[in-house]
Amino acid sequence: MKTFLARQRQDGFFAIRFKSSAGQFTAAQLLAIHELSETFGKGVINLTSRQELSIPFVRQEDFDAIKEFSTAHGLEISPIGTIFKQVTSCQGTQSCPAGIINSPSIARELDRRHGGRELPNKITCSVTGCPNNCMKVDANDIGIKGAVEPQFIVANCIYCGACARVCPVGAIAVDRKEKVWTIDRLKCINCGRCVKACRKSALRGEVGYKIYFAGNDFLPMIRDEQTLYKIVDAAVKYFAEHAKTRERLSKMLARLGVEDFKEQLQ
Ligand code: SF4
Ligand code: SF4
Ligand code: SF4
């Protein structure tokens, strides 16, 4: 059974957490949380690592009243324990100039599919809009990162070298004299800077997603959103069926190896 009150070290006190929507609360929700904290807590609100807000120092006997008030004000109380945790997200293309993907929209969909699901141990999941990786997705059990794969259009290239100069990892080499353009796909981190730098439309950026499991990106770039969701669904199912009680995803992969896991994701 799901629980919603996190025991504190102080006897008789609990913390209660509220879900954000991919890292966002409305101003009205914040006012409601403020009121709950003043009424049932000690006027303090904490930020959690999962982009929730938490009110400490509430009492168990107040839970029903808190729940009723929360529901009436559009707040959702986060369950605690060994569950699929709230998906965290940066703003991606919703407002960040570097954004490649709409991170909040993807985070909400993943939350809708899996958020709060009870599992052998918790799963943390995060979505970050570009290779700047503000959400540190490789430090989560499941991480999704916006990615761009440059495609070269030879007929448009003037071999100016602008793409090579902006590449942060030196993946592109341009030989102006010999008119040769090459890319090292293994070096490329899919940031898309070369595509932006090319003024001759000689590089087309294909947008996609890199997915990380316990920090490992063993799958090629995913090209469409529905495939991404299917892969996450399969990974969560595999974890639910194969992980031992209290075993994290990284430990399960170390115990079973990645090959069977990878196969089930395709
Ligand atoms: S990861 Fe990229 S898109 Fe997301 S906030 Fe950072 S810079 Fe912006
Ligand atoms: S910036 Fe564009 S035109 Fe210049 S070398 Fe690169 S691909 Fe070719
Ligand atoms: S996408 Fe980024 S890392 Fe890849 S070649 Fe272009 S600039 Fe370099």
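This part is about the overall build of the protein. Counting its secondary structure elements, the protein contains eight helices and 10 strands. Each principal axis of the C-alpha atoms in the protein carries an extent, and together these give about 80 × 45 × 30 Å. Counting over 266 residues, the protein shows a buried share of 34%. When contacts within the protein are restricted to residue pairs at least 6 apart in sequence, those whose partners lie at least 24 apart make up 64%.

Here we come to the site of ligand 1. In the neighbourhood of ligand 1, the contacting residues comprise C90, Q91, G92, C96, A98, G99, T128, G129, C130, N132, N133 and C134. Looking at the shell around ligand 1 residue by residue, the class counts come to five nonpolar, seven polar and no charged.

Here we come to the sheet that holds strand 7 (residues 142-152). Strand order in the open sheet made by the four strands is 5-6-7-10, with mixed pairing throughout. In this open sheet, the two strands that pair with only one neighbour each are strand 5 (88-89) and strand 10 (203-213). Along the sheet, helix 3 (residues 103-114) makes contact with strand 5, strand 6 (125-128) and strand 7, crossing strand 6 at roughly 160°.

By the assigned domains, the protein splits into domain 1 (5-72), domain 2 (88-147 + 207-265) and domain 3 (148-203). The gap between the C-alpha centroids of domain 1 and domain 2 is 27 Å. A per-class count over the side of domain 1 that touches domain 2 returns one nonpolar, four polar and one charged.

Below, the discussion takes up the nonpolar core. Ranked by size, the top nonpolar core spans 45 residues in total, and within it I123, I144, C194, V232, A235 and F239 carry the most contacts. A domain split of this core shows at least three residues from each of domain 2 (88-147 + 207-265) and domain 3 (148-203). The residues contacting I144, other than those within four sequence positions of it, are I106, V127, V137, Y209, I211 and L228.

Turning next to the sheet that holds strand 4 (residues 53-58). Taken together, the four strands give an open sheet; going across it, the order is 1-2-4-3, and neighbouring strands pair in antiparallel fashion. Two strands close off the open sheet at either side, each with one partner strand: strand 1 (5-7) and strand 3 (46-47). Pairing of strand 3 with strand 4, which is carried by two bridges, proceeds in the antiparallel orientation. Bridge pairing in strand 4 places N46 opposite S54. The sheet contacts of helix 1 (residues 27-40) involve strand 2 (14-18) and strand 4, and relative to strand 4 the element is tilted by about 15°.

This paragraph deals with helix 1. When the terminal C-alpha atoms of helix 1 are compared, their 20 Å separation across 14 residues agrees well with the 20 Å that a helix rising 1.5 Å per residue should span. Summarising the contacts, the buried residues of helix 1 are in contact with strand 2, strand 4 and helix 2 (63-72).

Among the five residues of strand 2, four are classified as buried, and the element is accordingly described as predominantly covered. In textbook terms, the turn of a hairpin is the stretch between consecutive antiparallel strands, and for strand 1 and strand 2 this stretch comprises six residues, one of which, G12, has a positive phi near 85°. Taken together, the four bridges between strand 2 and strand 4 define a ladder with antiparallel strand orientation. Looking at strand 4, one finds that I16 is bridged to I55.

With that settled, the discussion passes to the site of ligand 3. Surveying the vicinity of ligand 3 reveals 15 residues, the closest of which are C167, A171, C188, C191 and C194. Contributing elements (two or more residues each) for the shell around ligand 3: strand 7 and helix 5 (193-197). For the shell around ligand 3, the per-class residue count stands at 12 nonpolar, two polar and one charged.

One can describe the packing of helix 3 onto helix 6 (residues 225-242) by two numbers: an axis separation of 11 Å at closest approach and a directional angle of 35°. Pair helix 3 / helix 6 crosses with right-handed handedness. Contacts between helix 3 and helix 6 involve E109, L110, R113 and H114 from the first element and Y229, V232, D233 and V236 from the second.

Here we take up the environment of L110. Within the element layout of this structure, L110 appears in helix 3. Accessibility expressed as a C-beta count within 10 Å gives 25 for L110, which makes it buried. Spatially, the C-alpha atom of L110 lies 30 Å from that of E35, the residues being 75 residues apart in sequence. Setting aside chain neighbours within four positions, we find L110 in contact with V87, C125 and V232.

Positive phi, close to 55°, is recorded for N133, a residue that is not glycine. Looking at the secondary structure, you find N133 in the loop between strand 6 and strand 7. In this structure, S201 is a non-glycine residue whose phi angle is positive, near 55°. With respect to the helices and strands, the residue S201 is situated in the loop between helix 5 and strand 10. For S201, a count of 11 C-beta atoms within 10 Å translates into the label exposed.

Thresholds, definitions, all that
- Numbering of residues begins from 1 in every chain and follows the order in which that chain's sequence is written.
- As a convention, the first chain written is A and the first ligand written is 1, with the rest following in written order.
- Only residues with pLDDT of at least 70 get local features here, since the model is predicted, and only at 80 or more are side-chain atom pairs given and counted; chain-wide, interface and lining totals rely on the full set of residues.
- Put simply, DSSP H or I for four residues or longer makes a helix, DSSP E for two residues or longer makes a strand, and each gets a number counted from the N terminus.
- Field definition: a residue is buried when 20 or more other C-beta atoms are found within 10 Å of its C-beta, exposed when 12 or fewer are, and partly exposed for counts in between, with C-beta atoms placed from the backbone.
- Here, residues touch in the contact sense if the C-beta positions derived from the backbone fall within 7 Å of one another.
- In this analysis, residues qualify as near a molecule or strand once their C-beta atom, positioned from backbone atoms, comes within 6 Å of it.
- Basically, the charged four are Asp, Glu, Lys and Arg, the nonpolar ten are Ala, Val, Leu, Ile, Met, Phe, Trp, Tyr, Cys and Pro, and anything else, Gly included, counts as polar.
- In this analysis, strands are considered paired if DSSP registers two or more bridges between them.
- Only the contacting stretch of a helix is used when fitting its axis, a line to C-alpha atoms as for every element, and angles between N-to-C directions run 0 to 180 degrees.
- Segment limits for the domains were obtained from an automatic or database-derived domain assignment.
- For our purposes the nonpolar core covers buried Ala, Val, Leu, Ile, Met, Phe, Trp, Tyr and Cys residues that link as a set through C-beta atoms within 7 Å.
- In this scheme, a helix's expected span is set at 1.5 Å multiplied by one less than its residue total.
- Each crossing is labelled by how the near helix is turned from the far one, with a counterclockwise turn of less than a right angle marking it left-handed and a clockwise turn marking it right-handed.

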